[in-house]
Amino acid sequence: MITISHLYPLKFEPILKEKVWGGNKLKEIFNKDADEYIGESWEISGVEESVSKVVNGSLKGKNLNWLLEVYKEKLVGAKVYKNYQNTFPLLFKFIDAREDLSVQVHPDDILANERHDSLGKTEMWYILDVEKDSRLIIGFNGEINEEKYLKALSEKKITEVLKTESVKKGDAFILKPGTVHAIGAGILLAEIQQTSDNTYRIYDWDRPDINGEMRELHTDLAIDAIDFSSEESKQIYKTKKNTPSQIGVTEFFTVNKLDLSKNYLRDLKSIPSFTVYMCLEGEAIIETNGYTETISKGETVLIPAQLPEIKFITNSVSFLEVYIA
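Calculation rules
Residues numbered from 1 in each chain as written. Predicted model: local features only at pLDDT ≥ 70, side-chain atom pairs only at ≥ 80, totals over all residues. Heavy atoms only, no water. Core = buried A, V, L, I, M, F, W, Y, C linked by side-chain atoms within 4.5 Å. Buried < 20%, exposed > 50% of the residue type's maximum accessible area, 1.4 Å probe, protein only. Helix = DSSP H or I, 4+ residues; strand = E, 2+ residues; numbered from the N terminus. Contact = heavy atoms within 4.5 Å. Salt bridge = Lys/Arg side-chain N within 4 Å of Asp/Glu carboxyl O. Phe/Tyr/Trp six-rings, centres within 6.5 Å; stacked < 30°, edge-to-face > 60°. Lys NZ or Arg CZ within 6 Å of the ring centre and 35° of its normal.

**Description of the nonpolar core**
Here is step 1: Core analysis: the largest hydrophobic core is formed by 46 residues, its most contacted members being Leu10, Leu67, Phe92 and Phe274.
Here is step 2: At five residues, the largest contribution of residues to this core is made by helix α2 (residues 64–71).
Here is step 3: Look past the residues within four positions of Phe92 in its chain and what remains in contact with it is Ser41, Trp42, Glu43, Ile44, Glu191, Ile192, Phe274, Val276, Met278 and Val322.
Here is step 4: Residues Ile137, Ala152, Ile158 and Tyr200 belong to the second largest nonpolar core, which totals 21 residues.

Okay, here's the thing in structure tokens:
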């Protein structure tokens, strides 16, 4: 018989991913227990074979899939549970690019479902730290079609048709499926995305992986996924202290910035889903329903949908706040 515990703010053990392009900023800046070449910290994940486990409170050791099966709408909200059932819909990451990531593209829901029986991949990047001359690749730098794209690819001139964008701390980008993209060297960012690990690699800078092997390219799979039209990905937003400030919205998630300089009561009753806080700076104590939990820079916490409000006790903290409207 399963004992049902009262839900509370849930913290999970980060799942660290070694990458040929990874660095050491996740350890240096966010205090992750990481070795060199750790490129990603999956903060909350329901991806098969990388499912997050709770590290705090009475549910310690339980994984996210178990929580969904047991708590259902109490964890994620009635609308979310109806739409996604026992699939947790979002994946939260911190990414450290010591070197350029591969140029890649992600399928949309229709193509991903058809090919992989999975969700597509809409994602948002929030830039946390940059080195001099850091840049992103997002889309193309001019009008292009399939024929011109394949010609550039075959002649190893693909980088000549890609659009690069200089970035600074605080910049945010929403990347729709079909957008050709890459994270450039020297960038640390937070990524919020649909739960999907389907990536079509277009170009990998002619470098071997950590085992000395060349990574597979997915030219044929990618061609059907690429959106050759031009669309602005950068989000223009303004922030205000001690109130949620909207950064970006997609049909799959809403992302706010929450910069607090004092204690703050966050009413969550109007939010129909769970809420996730990714701590970017500072520290706070979260109080709710007689339960307290500390969250510090580099940590992520999930507030179950059934909790009507939380209180942050702090004099300085900065979060990304994410939920499904």
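**Observations regarding the pattern of salt bridges**
Here is step 1: Inspection of the entire model under this criterion finds 24 salt bridges.
Here is step 2: Of the charged contacts, one joins Lys151 and Glu155 as a salt bridge, the two residues approaching to 3.0 Å between their closest N and O atoms.
Here is step 3: Residue Glu155 is classed as partly exposed on the basis of its relative accessible area, which comes to 38%.
Here is step 4: One salt bridge connects Arg207 with Asp204, and the closest N-O pair in it is separated by 3.3 Å.
Here is step 5: A relative accessible area of 5% places Asp204 in the buried class.
Here is step 6: Through salt bridges with shared partners, a single ionic network connects Arg98, Glu99, Asp204, Arg207 and Arg215.

**Details of the packing of aromatic side chains**
Here is step 1: Going through the model one piece at a time under the given rule, you end up with 11 aromatic pairs.
Here is step 2: Ring plane angle 25° and centroid distance 4.7 Å describe the contact between Tyr8 and Tyr291, whose orientation is recorded as stacked. Note that Tyr8 is positioned in the segment before β1 (10–11) and Tyr291 in strand β19 (residues 291–296), a separation of 283 residues in sequence.
Here is step 3: Here Tyr8 falls in the buried class, since its relative accessible area comes to 4%.
Here is step 4: For Tyr291, a relative accessible area of 23% corresponds to the partly exposed category.
Here is step 5: An aromatic cluster of at least three residues, connected via ring pairs, comprises Phe140, Tyr149 and Phe228.
Here is step 6: It is Lys17 that lies over the ring of Trp42; its NZ or CZ is 4.3 Å from the centre.
Here is step 7: Positioned above the aromatic ring of Trp66, the side-chain terminus of Lys62 is 4.6 Å from the ring centre.

These figures come from the coordinates and say nothing about function on their own.
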